[in-house]
Amino acid sequence: MLDTSSRLLALLALMQSRPAWSGSELAERLNVTGRTIRNDVDRLRELGYPVDAVRGPAGHYRLGVGAKLPPLLLDDDEAVAVAIGLRAGRGVAGIEDSAARALAKLQQVLPHRLRRQVTAVHQAMTEGPENTGGNVADPVVDPTALATIAAAVRDSELLRFDYAAPDRTDDGPRRNDASAPFGEWPVLVEPYRLVSWERHWYLVARGPETGTWHTYRVDWISLRMATGRRFTAVALPGGDYADFVLRDVATAGWRVHARITVFAPAEDVLARINPAVGVVEAVDGSTSVLVTGADSLELIAVYTGMLGLDFHVTEPPELVEHLRVLGGRYARAVD
């Protein structure tokens, strides 16, 4: 039988592994009596662990909400996975420092054999550039902003923020109101879902007065004071938040937008693109339009060239000029 200290650690590890345990289950797992379990629970409470107990036929124990985070007990695989994940954390402002502090604490208590495993994994790895998608830096998002928005989604609370999108390089609309995706203006919305896509965070929200659905980039959001006002949630038409973000961003969520005529059926274009590239509209049996965008002209040129199909571009003029320069550069490369 385990001594008291070892048994308390084993009991704590069990209670952290799933939400609820009956006293009989804990007693069987630790090979002790129910009375011993009750005494050990009391000891954990004295040590500051918030253990809740529910009486009755369905009675159980569970770790409750305390004033501070209790130490976590991880098995070998969990400890290695957490250490690797902390080293790989990217893309949210402040997470690098927080991850480094958490990793330092974890490495101090990792057994030597586990520390060797974690070190071996990273010595065998080579990390690529943080942004492998193009020549524009990944956006940085404040984790506090993500948490605040997520809480508003959870609580169905109206969200107020200032929205400042950068100027577009094309000639698209620039109306300074909440019905247009570009400009700078105060916004009041019903928040419904956060979507992470292509190293960007997006908020899907609905205008409380207009009922219009929009996508907002979180890195362009500056939160204002909480409204404290609740709303009655409604269903997103179609129900697919990720698909809505893809389509909305393709037409309105980038610095540069383009409608590219492709001389091929829509199904052929769809078979050749990643859904992140854009939306394809059929024109006739042999022609389609690719609605796409990016944060730079170079990225749109790359996406279009990778189609492997003939196409024609008339706007924006900056893209037309960039493709003309690029075409000349490629032609000179084979002269």
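Report follows, based on the coordinates. (Residues numbered from 1 in each chain as written. Predicted model: local features only at pLDDT ≥ 70, side-chain atom pairs only at ≥ 80, totals over all residues. Heavy atoms only, no water.)

## Side note on the overall build of the chain
Selection criterion: Only DSSP runs of H or I with at least four residues qualify as helices, and only runs of E with at least two residues qualify as strands; both kinds are numbered from the N terminus onward. For the exposure calls, accessible area comes from a 1.4 Å probe over protein chains only, and a residue counts as buried if that area is under 20% of its type's maximum, exposed if over 50%, partly exposed in between. We call two residues in contact when some of their heavy atoms are within 4.5 Å.
Counting its regular elements, the chain contains eleven helices and eleven strands. Each of the 335 residues in the chain was classed as buried or not, and the buried ones make up 38%. Contacts in the chain between residues at least 24 apart in sequence constitute 62% of all its contacts with a sequence separation of at least 6.

## With respect to the sheet that holds strand E10 (residues 287-294)
Using the following cut-off: We treat two strands as partners when DSSP finds at least two bridges between them. Axes here mean lines fitted to C-alpha atoms, for a helix over just the part in contact, with angles spanning 0 to 180 degrees between N-to-C directions.
Within the open sheet, the four strands sit side by side as E9-E10-E8-E11. Their pairing is antiparallel. Of all the strands in the sheet, the pair left with one neighbour each is strand E9 (278-284) and strand E11 (311-312). In this sheet, E11 lies alongside strand E8 (residues 256-262) in antiparallel orientation, the contact comprising two bridges. Among the inter-strand pairings, Thr261 is bridged to a residue of E11, identified as His312. Lying over the sheet, helix H10 (residues 297-305) contacts E8, E10 and E11, oriented at roughly 145° with respect to E10.

## Quick notes on a nonpolar patch on the surface
What counts, and what does not: For patches, a residue must show more than 30% relative accessible area and have no salt bridge; joins then use 9 Å for like charges and 5 Å for nonpolar side chains, namely Val, Leu, Ile, Met, Phe, Trp and Tyr. The Shrake-Rupley method, run with a 1.4 Å probe sphere, supplies the accessible areas, and residue values consider only the shown protein chains as cover. We define a salt bridge as a side-chain nitrogen of Lys or Arg found within 4 Å of a carboxyl oxygen belonging to Asp or Glu.
Together, Leu72, Leu74 and Val82 make up a nonpolar patch on the protein surface, roughly 250 Å² of accessible area in all. With respect to the helices and strands, Leu72 occurs in the loop between strand E2 (60-63) and helix H4 (76-88). The class for Leu72 is exposed, based on a relative accessible area of 57%.

## Structural notes on the pairing of strand E6 (residues 213-217)
Here E6 lies mainly inside the structure; five of its five residues are buried. Residues Trp213, Thr215 and Arg217 point to one face of E6 and His214 and Tyr216 to the other, with burial holding for every one of them. Looking at chain direction, strand E5 (residues 200-206) and E6 are connected through five bridges and run antiparallel. From the neighbouring strand, Arg206 faces E6, where its bridge partner is Trp213. The antiparallel hairpin formed by E5 and E6 contains six residues in its connecting segment, where Gly211 sits at a positive phi of about 75°.

## A short note on the pattern of salt bridges
Tallying each qualifying case throughout the model produces eleven salt bridges. Note that Arg113 and Asp76 form a salt bridge whose closest N and O atoms lie 2.6 Å from each other. Taken as a pair, Arg113 in helix H6 (residues 112-123) and Asp76 in helix H4 lie far apart in primary sequence, 37 residues in all. In this structure Asp76 comes out as partly exposed when scored by relative accessible area, which is 33%. Linked through salt bridges whose partners overlap, the residues forming this network are Arg7, Asp40 and Arg43.

## Points about the packing of aromatic side chains
Any aromatic ring pair is given by two values, namely how distant the centres are and how the planes are angled relative to each other. We count it as follows: Only centres within 6.5 Å qualify two rings of Phe, Tyr or Trp (six-membered ring in Trp) as a pair; their planes then separate them into stacked at under 30 degrees, edge-to-face at over 60, and tilted for everything else.
Evaluated as defined, the whole model comprises seven aromatic pairs. Joined through ring pairs, the aromatic side chains of Phe161, Tyr163, Trp185, Tyr216 and Trp220 make up one cluster.

## Things to note about helix H3 (residues 34-46)
Threshold: Residue count minus one, scaled by 1.5 Å, sets the expected span of a helix. Comment: arc refers to directions from the helix axis out to C-beta atoms.
Taking 1.5 Å of rise per residue, the 13 residues of H3 would be expected to cover 18 Å, and the 19 Å separating its terminal C-alpha atoms lies within 8% of that figure. Among all positions of H3, only Ile37, Asp40, Val41 and Leu44 are buried. All buried residues of H3 project into a common sector of 105° when viewed along the axis, lining one side. Exposed residues lying more than 90 degrees from the buried face of H3 are Arg35 and Glu46.

## As for the environment of Leu158
Note that Leu158 resides in the loop between helix H7 (143-155) and strand E3 (159-164). When residues no more than four places from it in sequence are discounted, the contact partners of Leu158 are Leu188, Val189, Glu190, Pro191, Pro208, Thr227, Arg229 and Phe231.

## Here we look at unusual backbone geometry
Pro316 follows Glu315 through a cis peptide bond whose omega is -5°. Structurally, the position occupied by Pro316 is in the loop between E11 and helix H11 (317-333). Despite not being glycine, Asn31 has its phi angle at roughly 60°, a positive value. Inspection of the secondary structure assignment puts Asn31 in the loop between helix H2 (23-30) and H3. For Asn31, a relative accessible area of 59% gives the class exposed. One non-glycine residue, Ser156, lies in the positive phi region at around 50°. When you line up the elements, Ser156 lands in the loop between H7 and E3.

## Here we look at the packing of H10 against H11
Definition in use: It is the rotation of the near helix from the far one that decides the hand of a crossing: anticlockwise by less than a right angle makes it left-handed, clockwise makes it right-handed.
Put simply, H10 and H11 touch, their axes get as near as 10 Å, and they point 65° apart. For the crossing formed where H10 meets H11, the hand is right-handed. Seen from H10, the contacting residues are Leu297, Glu298, Ile300 and Ala301; seen from H11, they are Glu318, Leu319, His322, Leu323 and Leu326.

## Digging into helix H1 (residues 4-17)
The end-to-end C-alpha distance of H1 is 20 Å, a good match for the 20 Å that 14 residues give at a rise of 1.5 Å each. Residues of H1 that are buried include every one of Arg7, Leu8, Leu11, Leu12, Leu14 and Met15, and no others. The buried residues of H1 occupy one face: seen down the axis, they fall within an arc of 160°. Of the exposed residues in H1, the ones pointing more than 90 degrees away from its buried face are Ser5 and Ser17. Tucked into the core, H1 has its buried residues touching H2, H3, strand E1 (51-54) and E2.

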